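Summary of the model geometry
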Amino acid sequence: MAGGNTAVAGDVVAGRYQTVACERLTLKAYAKVNLTLEVLGKRDDGYHNVATILQTVDLADTLEINHADELAVECDEPGLSGDRNLAWKAAEALAERVGISPRAHIRIEKKIPAAAGLGGGSADAAATLVGLNRWWGLGRSREELADVAAGLGSDVPFLLTGGTALGSGRGDEISPLPALPAMDMLLVVPEDRIDAKTPTMYRALKPEDFSDGARTQAISRGLGSGTLTSAGGCNAFERAAREIFPGLARVWDRVAGVTQHPPRLSGAGPAFYCMPSSESERIRVAESLQGTGAAAYLVQTISPAGGDGAQSQIQ
Ligand code: C5P
């Protein structure tokens, strides 16, 4: 964790950046949920403008960066190793930006379910940028990393820093919001996955799914008071997700049947979350999932120390 750092590559030493010789660099890449996600309209570039409140939670992948003569990405989840991983593209993009060869071995231990709406791939890409910025002793600013991050995906800039933030534009323009007090959330992740999920979900939106961002603005103004339930949020993809993910509606309705506040979709789904108000409500949710194949994760909202969405430790 950041608090346990003994040395940080890229620390400013006497006005110069200095790479600290070290064996390996380990980073935590935290998942996100969308407390709100409003889609405002389609843009000329094919993207959509959104208004969203993003929040990191303490479910995290672990990245380990080691010395290597060339780029390698090795993931413990089958099918996510090599150049298909967004971490690979992040390493290449950063190396290209600064004009060096991408030499590093990146090992990823997945805990965040992939392609579920929890930002897992984007978090790994963000952690790769933060980690390699230190590993290669580049000393690039957070703004420059955010610029590289935006080229990798709309969620990547937020995950560089994490915490609580307002996302606008295509989701890549980030304004920090007051940190929420730690809150328990139960993430529910149905088994369903679809190919090309994000573009498919945007294409499935109907006029009634669009909104003007007013709810997101109102909630972001009230966040300082620290009270929030899933009922307060909103997500433009909820209607479409119930139609497109074959098993989602069944799991959702079971959970909704035993919780005080309705669940809320994260991202374009199929993961959703609820905020059970008691241990007995948590147990009822867990029981309601039996036989559905859905996984449940009890997590807490987190504001990574020092606003570092990808926390690192050098060994
Ligand atoms: O930014 P990201 O790579 O996650 O986007 C994947 C696809 O999702 C885009 O090519 C676009 O079709 C769609 N998208 C969108 N509006 C956004 C974000 C994504 O239409 N704000």
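Above this text is the structure in question.
Residues numbered from 1 in each chain as written. Predicted model: local features only at pLDDT ≥ 70, side-chain atom pairs only at ≥ 80, totals over all residues. Heavy atoms only, no water.

As a further point, take helix α2 (residues 120-135). With 16 residues, α2 extends 22 Å between its outermost C-alpha atoms, agreeing within 8% with the 22 Å of an ideal straight helix rising 1.5 Å per residue. Burial analysis of α2 places 15 of its 16 residues in the buried class, which makes it a mostly covered element. A positive backbone phi angle near 65° is found at glycine 137, which sits one or two residues after α2. (Helix = DSSP H or I, 4+ residues; strand = E, 2+ residues; numbered from the N terminus. Expected span 1.5 Å × (residues − 1). Buried < 20%, exposed > 50% of the residue type's maximum accessible area, 1.4 Å probe, protein only.)

The next point concerns the pattern of salt bridges. Here the structure, examined in full by the defined rule, presents 17 salt bridges. Where glutamate 64 meets arginine 24, a salt bridge forms, and the shortest distance between an N and an O atom there is 3.8 Å. Here the residue glutamate 64 occupies a position in strand β4 (residues 48-66), and arginine 24 occupies one in strand β3 (residues 24-42), the gap between them amounting to 40 residues. With a shortest N-O distance of 3.2 Å, arginine 239 and glutamate 243 are connected by a salt bridge. You can see arginine 239 and its partner glutamate 243 sitting in helix α7 (residues 238-244), 4 residues apart, about one turn around the helix. The exposure class assigned to arginine 239 is partly exposed, which follows from its relative accessible area of 23%. Classification of glutamate 243 by relative accessible area gives exposed; the value is 56%. In the salt-bridge network here, residues are joined through shared partners; they are Arg97, Arg140, Glu144 and Asp147. (Salt bridge = Lys/Arg side-chain N within 4 Å of Asp/Glu carboxyl O.)

Buried residues of helix α8 (residues 248-256): Leu248, Val251, Trp252 and Val255, and no others. Down the axis of α8, the buried side of the element spans an arc of 100°, and every buried residue falls inside it. Tucked into the core, α8 has its buried residues touching β9 (184-189), α7, β11 (264-265), β12 (272-274) and α9 (279-288). (Arc of directions from axis to C-beta. Contact = heavy atoms within 4.5 Å.)

A separate point is the site of the ligand. The local shell around the ligand consists of Gly46, Tyr47, His48, Val50, Gly153, Ser154, Arg170, Thr198, Pro199 and Tyr202. Residue histidine 48 places a side-chain N or O atom 2.7 Å away from an oxygen atom belonging to the ligand. Surface burial for the ligand is 74%, taken as the share of its 450 Å² of free accessible area covered by protein chains. Its atoms largely coinciding with the cavity grid, the ligand occupies the largest pocket. For the shell around the ligand, the elements supplying multiple residues, two or more each, are β4 and α5 (197-203). Sorting elements by how many residues they give to the shell around the ligand places α5 first, with 3 residues. Taken together, the residues of the shell around the ligand sort by class into 4 nonpolar, 5 polar and 1 charged. (Near = heavy atom within 4 Å. Polar contact = N/O pair within 3.5 Å; in protein donor to acceptor, adjacent residues only side chain to side chain. Areas by Shrake-Rupley, 256 points an atom, 1.4 Å probe, with all protein chains shown as cover. 1 Å grid on protein atoms, 1.4 Å probe; cavity = no way out; pocket = protein on both sides within 12 Å on 5 of 7 lines; lining within 4 Å. Sits in = over half its atoms within 2 Å of the grid points. Nonpolar A, V, L, I, M, F, W, Y, C, P; charged D, E, K, R; others polar.)

Moving on to the layout of surface pockets. Its volume calculated, the largest pocket comes out at about 1,200 Å³. Within the residue set of the lining of the largest pocket, elements represented by two or more residues are β3, β4, α2 and α5. Looking at the lining of the largest pocket, the element that brings in the most residues is α5, giving 5 residues. Of the residues belonging to the lining of the largest pocket, the class tally is 17 nonpolar, 15 polar and 9 charged. In this model, the second largest pocket occupies a volume close to 270 Å³. Lining the second largest pocket are 19 residues, with Thr161, Gly162, Ala165, Ile174 and Pro176 positioned closest to its centre. Listed by contribution, the elements that provide at least two residues to the lining of the second largest pocket are α3 (142-150), α4 (156-161), β7 (164-168) and β8 (173-176). Among the elements that line the lining of the second largest pocket, the one with the most residues is α4, at 4 residues. Residue composition of the lining of the second largest pocket, by class: 10 nonpolar, 6 polar and 3 charged. (Points joined across faces, edges and corners; volume = space filled by probe spheres on them.)

For the rest of this paragraph, the subject is the nonpolar core. Of all hydrophobic cores here, the largest spans 63 residues; its most connected members are Ile106, Leu118 and Leu132. With 8 residues, α2 is the single largest residue contributor to this core. For isoleucine 106, the residues in contact, after removing those within four places along its chain, are Leu63, Glu64, Ile65, Leu71, Ala72, Val73, Glu74, Ala91, Thr128 and Leu132. Of all hydrophobic cores here, the second largest spans 24 residues; its members include Leu37, Val188, Ala241 and Cys274. (Core = buried A, V, L, I, M, F, W, Y, C linked by side-chain atoms within 4.5 Å.)

Our next topic: the pairing of β8. As judged from the 4 bridges shared by β7 and β8, these two strands associate in the antiparallel manner. From the neighbouring strand, alanine 165 faces β8, where its bridge partner is proline 176. Linking β7 to β8, which pair antiparallel, is a turn of 4 residues; within it glycine 169 sits at a positive phi near 65°. (Pairing = 2+ DSSP bridges.)

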